[in-house]
Amino acid sequence: MKIALIGNMNNNNFSIMRYLRDLGEDAHLFLWANDGVGTLAHFNPEFDCQNINKWRPYIHQTKLVNGYNSLLPNPRKLKLAPSIKYIKELFSEFNFFIGSGLSPAILQRANIKLDIFSPYGSGIEFVGLGINRTMLRDPFSIRKVVFKFVRERQIIAIKKARYCLNSEIGITAETFKEINCEFLPIQSPIVYNRENIIDYTPSLNLSDFINAREVNDLVVFSHASHMWIKKDNYSQFEWSRASKHNDWLVIGFSQFIKTNRFKKAKLVLIDYGNDAHHTRKLCVDLGIDKHVLWLSKLPRKDIMFVLSKCDLGVGEFAVSPGSIWGGTGWEVLASGKPLLQTFNFTTNQFQSIFGHEPPAILDVKCSEDVTNYLLDWCDNKSKYTEIGENGKKWFNNYNGIGLAQKWLDLLKLPKGTL
């Protein structure tokens, strides 16, 4: 099988490509022209692995852009989008296609259908993300006309994909229903954990973290972007499901510090997201700034190193029924550390939807939950070590290499079957 993976948001498809190659398939990654640039610069393949030279022969840069210009009418003088001929030649050797972003609509220009479409955004990119829905509510404007044009073509192409896979049973599932498109409730193997972290030499900018680890008894790491101050372009309902409630972590950690159970404790945060400065101010206002270490945005290989050295990892605290955790949660589970994360299912719901039990997650619904878990960790360290180890076993079985095999099995089904 020659498998093309199109686009690399969050390094998702780079992870899937490596798993598929580990399973013996000839999988290749095709990068958008705007992959890994600007605010996405930390999502380059070389930042997600220890030996990029091993994988470089299977990574290809393209002229295709994951953006609106790729579908706009293309007068010769403007040359907004690569030609249909270019798209056909680019993928002429491949017979299976996996994509996210605008790949369904872009490949459809060359009459290429995806075998697997797996959206990376809650609400489906270019269809129903929060920003997309606010654009639909805008008064008449060129921007709105362009978005509606692209959205219509994206929907048509998504519905032609052989399989749509989605594990976000909240906003994304609602969007699939809205566009009358069925999906399989299957997750994405977006974190590759088959490298030996023991052999990894961390970046020099982690020296402060290494020092903090040596002198603190408890280290809690949160690498989620900061998004918890309400934005005007969100309705109250939309914001209730979008906020990551980073303040719960800081407040809960603050209450833990005030119990004086552990004076040598450090909360490690990433300076990432529109509300990072608000979180900094909250730390100062609560008087815990000396217990907080701020790191700059990190490549995933450094994130996995930090997780390997911390005691507890943190995902996101978005309260959105049916929404599964994102990349931060997967990274914590893949690293074998206990995960603090809002769990938006009951155990029975999760089992019914995905066909297997959920991992052991430290469910957070308020700041007090954070405090209580930290206090319990002080008295039951071996319990939390076991939770982390079991989480990694679960990850390898139901995500990671085990899930990649499930994707491969789908591709191998005769076309026209489930």
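Residues numbered from 1 in each chain as written. Predicted model: local features only at pLDDT ≥ 70, side-chain atom pairs only at ≥ 80, totals over all residues. Heavy atoms only, no water.

Looking at unusual backbone geometry
Residues other than glycine seldom take positive phi values, yet Asn10 does so here, at roughly 60°. Topologically, Asn10 is positioned in the loop between strand E1 (2-6) and helix H1 (12-22). Phi is positive for His245, close to 50°, though the residue is something other than glycine. The residue His245 is located in the loop between helix H10 (236-242) and helix H11 (246-258) in this model. (Helix = DSSP H or I, 4+ residues; strand = E, 2+ residues; numbered from the N terminus.)

Focus on empty space enclosed by the protein
Scanning the model with the defined rule gives 1 cavity of 30 Å³ or more in all. Considered as a void within the structure, the largest cavity measures approximately 80 Å³ in volume. If you go around the largest cavity, you meet 13 residues; those closest to its centre are Ser222, Ala224, Asn246, Leu249 and Gly315. For the lining of the largest cavity, the element with the highest residue contribution is H11, accounting for 3 residues. Across the lining of the largest cavity, the residue classes break down as 6 nonpolar, 5 polar and 2 charged. (1 Å grid on protein atoms, 1.4 Å probe; cavity = no way out; pocket = protein on both sides within 12 Å on 5 of 7 lines; lining within 4 Å. Points joined across faces, edges and corners; volume = space filled by probe spheres on them. Nonpolar A, V, L, I, M, F, W, Y, C, P; charged D, E, K, R; others polar.)

Topic: H1
Among the 11 residues that make up H1, 9 are buried, leaving the element largely enclosed by the rest of the structure. For H1, the set of buried residues is Asn12, Asn13, Phe14, Ser15, Ile16, Met17, Arg18, Tyr19 and Leu20. Looking one or two residues past H1, Gly24 carries a phi angle of roughly 95°, positive in sign. (Buried < 20%, exposed > 50% of the residue type's maximum accessible area, 1.4 Å probe, protein only.)

Let's talk about the packing of helix H9 (residues 207-215) against helix H13 (residues 300-309)
Taken N-terminus to C-terminus, the directions of H9 and H13 make an angle of 10°; their axes are 11 Å apart at the nearest point. By the angle between their axes, H9 is roughly parallel relative to H13. Side by side, H9 and H13 meet where Phe209, Ile210 and Arg213 of the first sit next to Phe305, Val306 and Lys309 of the second. (Axes fitted to C-alpha atoms, helices over the stretch in contact; angles between N-to-C directions. Parallel < 35°, antiparallel > 145°, perpendicular 65-115°, else oblique. Contact = heavy atoms within 4.5 Å.)

Some details on the layout of surface pockets
Its boundaries defined by the atoms lining it, the second largest pocket holds a volume of some 300 Å³. Every residue lining the second largest pocket is counted, 14 residues in all, and those nearest its centre are Asn193, Glu195, Asn196, Ile197 and Met304.

Here we look at the pairing of strand E9 (residues 292-295)
Residues Val292 and Trp294 of E9 are buried on one face, and the alternating residues Leu293 and Leu295, pointing to the opposite face, are buried as well. Two strands pair when backbone bridges link them, and strand E8 (residues 265-270) and E9 are joined in this way by 4 bridges, in the parallel orientation. Bridge assignment links Leu267 to a residue of E9, and that residue is Val292. (Pairing = 2+ DSSP bridges.)

Examining the environment of Ser118
Here Ser118 is to be found in the loop between strand E5 (116-117) and helix H5 (124-128). Along the primary structure Ser118 and Thr279 are separated by 161 residues, whereas in three dimensions their C-alpha atoms are 32 Å apart. Excluding residues within four positions of it along the chain, Ser118 makes contact with Gly99, Ser100, Leu165, Ser188 and Trp407. At a separation of 2.7 Å, a polar atom in the side chain of Ser118 contacts the side chain of Ser188. (Polar contact = N/O pair within 3.5 Å; in protein donor to acceptor, adjacent residues only side chain to side chain.)

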